Amino acid sequence: MLSKIALSFVSGLGCKSYRQLMEIYNSPEEVFALSHSELTNIFGKHKSIITAIEQKSTFARAEEELRFCEKHHIKPLYFTDREYPQRLNRAGCEDTPPLLYYMGSADLNTERTISVVGTRKATEIGKENTQKLIDDLQHENILVVSGLAYGIDTQAHTTATEHNIPTIGVVAHGLDQLYPPQNRNLAKTMVQTEGGLLTEYPSQTRINPSYFPARNRIIAAMSDAIIVVEASEKGGALITANLGNGYHRDVFAFPGRVDDKYSTGCNRIISNGRAVLIQNADDVFSLMNWSRKNNAQAQQTTMVLDLTPDQTKIHTILSQHGPMAIEEIMEHTSLSLPKIAAALLDMELKNICRCLPGKTYKLN
């Protein structure tokens, strides 16, 4: 592993060049053993790269990084390692990191992986949609990936840890720090609940704004499905969605009101065909052609709620479509407004549902 890390520290040798070298040579050790003339044939006028490889000047830094990893239980994952997320290798991404640093215990090659992304300035509806989406992934053996940022990312990770769903935060810095610092306890909980933190950056890497869009290629490439909950016209969530399109990943988005700033991005990628409209986790499973493992449990839970016929109709609609206003419930059930209001009041008293801001109702 030492020479693999040492090669990654060679200044000017990016991910793409590193991987191209490994298509020619069997290992980094073989690259470090090349003669001056061979290196010159490869790198031409890039004298600094030739000198660093010849003098092996990056090995001291690599040894320091290995010590840091050992001390903090971080696993360096090389792209040929079994534990490396193989979806990255299959994504067709030319600059996929040849080396990742991983702190955690989740299986990065689990059968199903989804990424949940969105704006840092999430609305209450956006957070509710994220929470309901993750709530419905219990018992489904799914890995949830996001970027540990404020807003939608934080809600996705938080809800996943509450249900012991493995969740990975892909960060844009070394694992000797954490950004945003307010998510430090959340990150610790993620690691402790069979999730983890993943990055391409070694320790001592300064936080750089350009690294955040770059890390989105990892989020997109290691997912089977990318779910955008809320997004404005520009931002990291849409970058991730667009990258996902390029990697032939399935991209989904929650729709929003046309006058909602943080729904414009979702509405646009739905309207231009770059994302499929969804309203809940059932839509994702159906569109991905995934079978659900908790259907029987969900049906059993509904049966023991002791609902009236009207309440059963409302419960079914809310479980299928997520939070809805009374007017929307009327459209789906054909029940009168007084009947719906009475049923919802009783369901609230029984702690079956609750009223959200905007007079929408959500199942507990």
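Refer to the structure presented above.
Residues numbered from 1 in each chain as written. Predicted model: local features only at pLDDT ≥ 70, side-chain atom pairs only at ≥ 80, totals over all residues. Heavy atoms only, no water.

Student: I would appreciate a short explanation of the overall build of the chain in the present structure.
Tutor: Counting its regular elements, the chain contains 18 helices and 12 strands. In terms of overall dimensions, the chain has a C-alpha envelope of 85 × 40 × 35 Å along the principal axes. Evaluated residue by residue, the chain yields a buried proportion of 53% over its 364 residues. Residue pairs in contact within the chain that sit at least 24 positions apart in sequence constitute 70% of those at least 6 positions apart. For the chain, the exposed area adds up to about 17300 Å²; of that, 50% sits on carbon and sulfur atoms. The distance from the centre of the 37 positive side-chain charges to the centre of the 40 negative ones in the chain is 4 Å. (Helix = DSSP H or I, 4+ residues; strand = E, 2+ residues; numbered from the N terminus. Buried < 20%, exposed > 50% of the residue type's maximum accessible area, 1.4 Å probe, protein only. Contact = heavy atoms within 4.5 Å. Areas by Shrake-Rupley, 256 points an atom, 1.4 Å probe, with all protein chains shown as cover. Lys, Arg positive; Asp, Glu negative; His and termini not counted. Charge placed at Lys NZ, Arg CZ, Asp CG, Glu CD.)

Student: Looking at this structure, I do not really get the sheet that holds strand S11 (residues 353–356). What am I missing?
Tutor: What links the strands of a sheet is backbone hydrogen bonding, and the strands pair in either a parallel or an antiparallel sense. Judged by pairing direction, the sheet is antiparallel, and its 3 strands sit side by side in the order S10-S12-S11 without closing on themselves. Strands with a single pairing partner mark the edges of an open sheet, and in this sheet they are strand S10 (324–325) and S11. Two elements, S11 and strand S12 (residues 360–363), share 4 bridges in a ladder whose sense is antiparallel. When the sheet's bridge partners are listed, Cys353 is paired in S12 with Leu363. Taken strand by strand, helix H16 (residues 309–321) contacts S10 and S12, and its axis lies near 90° from that of S12. (Pairing = 2+ DSSP bridges. Axes fitted to C-alpha atoms, helices over the stretch in contact; angles between N-to-C directions.)

Student: In this structure, what is going on with the pattern of salt bridges? I would like to understand it.
Tutor: Any two side chains of opposite charge can pair, on the condition that their charged atoms come close. Throughout the structure, instances matching the rule amount to 14 salt bridges. The residue Lys127 makes a salt bridge to Glu124 at a minimum N-O spacing of 4.0 Å. Of this pair, Lys127 and Glu124 are both found in helix H8 (residues 124–135), 3 residues apart, which corresponds to roughly one turn of the helix. Its salt-bridge partner being Arg268, residue Glu233 comes within 2.7 Å of it at the nearest N-O pair. With Glu233 in the loop between strand S7 (225–228) and helix H12 (236–246) and Arg268 in helix H13 (residues 264–271), this pair connects stretches of sequence that are 35 residues apart. Residue Glu233 is classed as partly exposed on the basis of its relative accessible area, which comes to 41%. (Salt bridge = Lys/Arg side-chain N within 4 Å of Asp/Glu carboxyl O.)

Student: Looking at this structure, I do not really get helix H6 (residues 59–71). What am I missing?
Tutor: Three- or four-residue spacings in an α-helix give side chains the same orientation, since the helix completes a turn every 3.6 residues. Look at H6: 18 Å from first C-alpha to last across 13 residues, which is about the 18 Å you get at 1.5 Å a residue. When we look at burial in H6, the residues that qualify are Phe59, Arg61, Ala62, Glu65, Leu66, Phe68 and Cys69. At its buried positions, H6 is contacted by helix H1 (2–8), helix H3 (28–32), strand S1 (75–78) and strand S2 (99–104). One or two steps after H6, the chain reaches His73, where phi turns positive at roughly 55°. (Expected span 1.5 Å × (residues − 1).)

Student: Explain the packing of aromatic side chains here, please?
Tutor: The geometry of an aromatic ring pair is captured by the separation of the ring centres together with the interplanar angle, meaning the angle of the planes. One pass over the full model with this rule turns up 6 aromatic pairs. Both rings, one in Tyr78 and one in Phe79, keep their centres 4.8 Å apart while their planes meet at 55°; by these two values the pair is tilted. Among the residues examined, Tyr78 registers a relative accessible area of 4% and is labelled buried. Looking at Phe79, the relative accessible area reads 16%, which means it is buried. Look at Tyr179 and Phe212: their rings are 5.6 Å apart centre to centre, the planes differ by 65°, and that puts the pair in the edge-to-face class. Here the residue Tyr179 occupies a position in the loop between strand S5 (167–170) and helix H10 (184–192), and Phe212 occupies one in helix H11 (residues 211–221), the gap between them amounting to 33 residues. An aromatic cluster of three or more residues is present, and its members are Tyr18, Tyr78 and Phe79. Taking the ring centre of Phe285 as reference, the NZ or CZ of Arg292 above it sits at 4.3 Å. (Phe/Tyr/Trp six-rings, centres within 6.5 Å; stacked < 30°, edge-to-face > 60°. Lys NZ or Arg CZ within 6 Å of the ring centre and 35° of its normal.)

Student: It is not clear to me how the side chain of Thr240 should be interpreted in this structure. Could you clarify?
Tutor: Mapping Thr240 onto the fold places it in helix H12. Residues in contact with Thr240, not counting those within four places in the same chain, are Val117, Asn216, Ile219, Ala220 and Ile226.

Student: What's the story with the nonpolar core in this structure? I'm lost.
Tutor: Ranked by internal contacts, the top residues of the largest apolar core, which has 70 residues, are Leu7, Ile53, Ile168 and Val228. Sequence-distant contacts of Ile53, that is, excluding residues within four places in its chain, are made with Leu7, Val10, Val31, Phe32, Leu39 and Phe43. Among the nonpolar cores identified, the runner-up in size contains 23 residues, and Ala122, Leu137, Ile165 and Val229 belong to it. (Core = buried A, V, L, I, M, F, W, Y, C linked by side-chain atoms within 4.5 Å.)

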